[in-house]
Amino acid sequence: MGLAVQYLLNALQVGSVYALIALGYTMVYGILTMINFAHGDIFMVSTYIAFFVGVALLGSTLHLGAVPVFLATLLAAVLGTATLAAVIERVAYKPLRQAPRVSAVITALGVGLFLENFTLATIGPEPRFLPPLVPVGRIVLGGVVISTVQAQTIVLSALVMLLLDAIVRRTMTGMAMRAVSWDKFTAPLMGVPVDRIITLTFALGASIAAVGGVLYGMAYTIDPYMGIRIGWWAFISAVVGGIGNIRGAMIGGYILGAVEIFTPILLPSTYRDFVAFSLLLVFLIFRPTGILGRPVAMKV
């Protein structure tokens, strides 16, 4: 029983990160029906921002406590990544709004490759560890080990997801996002600034991924190629949950977290990707709208 609970906690930790990244995919798709394949690499950039800011703060003469260092690092990663996503949207995607959809997809792949190779050329391929932003500790309850990083990841991710859900459902900005998602040609007639809302959506999705990037970097190594695999798994999370549906992306993230942790119990660990992509294939065949997605009627 204790071992099962331990696996479940591990799945919640990994699934929380996938859910945070999947939200960026689903928000952009919901508003533009576009797959932003550069999102995984934007997540990767956030971990490097956290790395350099964390190292600078811990090595400074200010002698800040753990909480100010963590919050400052998190804020820097969120702001830096949101700015990067907004610039990418304005420079690379906005000029292609009226172009065939495949043009935006190819551009997204190109932006992702640029971010990977730019990071590789300027920082290097060596895996790095984020400095300990919070004191590392463990709590043992009934044979179940809960680390401070694990607890922080699960709790903070849940709070961020609840905050996003509240923003989208209960604020004027969220209402504008839903209006653009529903009909971006009619929304301007209601006074909705479509361009600003689209840019804000990219920035918000990237900032949430940055939270996941900081939490991921506190537990695992980071490298310039990490955005490829994690980005694909987060994309699968979004599709499984119902791409375009925020709550669906959250559910999909936790499902992929379970796939990541529980697959090695039944199969060799090298089968993780096989199971994840098989799950994607099954959903695309039998339920392409995902768990919470709904079919969209189109005029012909």
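Keep in mind that what you see is a predicted model, and the values were worked out from it rather than measured. (Residues numbered from 1 in each chain as written. Predicted model: local features only at pLDDT ≥ 70, side-chain atom pairs only at ≥ 80, totals over all residues. Heavy atoms only, no water.)

(A) Quick look at the overall build of the protein chain. Within the protein chain, the regular secondary structure consists of 10 helices and two strands. Starting at the N terminus and walking to the C terminus, you meet the elements of the protein chain as α-α-α-α-β-β-α-α-α-α-α-α. Relative to its length of 300 residues, the protein chain is compact, with a C-alpha radius of gyration of 19 Å against a globular reference of 19 Å. Within the protein chain, buried positions represent 47% of all 300 residues. Accessible surface, the protein chain as shown: approximately 14900 Å² in total, 71% of it carbon and sulfur. Charged side chains of the protein chain number 17 positive and 10 negative; the gap between the two group centres comes to 11 Å. (Helix = DSSP H or I, 4+ residues; strand = E, 2+ residues; numbered from the N terminus. Rg over C-alpha atoms; globule rule 2.2 N^0.38 Å. Buried < 20%, exposed > 50% of the residue type's maximum accessible area, 1.4 Å probe, protein only. Areas by Shrake-Rupley, 256 points an atom, 1.4 Å probe, with all protein chains shown as cover. Lys, Arg positive; Asp, Glu negative; His and termini not counted. Charge placed at Lys NZ, Arg CZ, Asp CG, Glu CD.)

(B) Region of interest: the nonpolar core. Grouped together as the largest cluster of nonpolar side chains are 85 residues, with contacts concentrated most on Y93 and M218. Sequence-distant contacts of Y93, that is, excluding residues within four places in its chain, are made with M34, N36, A38, I88, A104, T107, A108, V111 and F202. (Core = buried A, V, L, I, M, F, W, Y, C linked by side-chain atoms within 4.5 Å. Contact = heavy atoms within 4.5 Å.)

(C) Inspection of unusual backbone geometry at higher detail. Of note in the backbone geometry, T33 takes a positive phi value of approximately 50° without being a glycine. With respect to the secondary-structure elements, T33 resides in the loop between α1 (2–32) and α2 (39–59).

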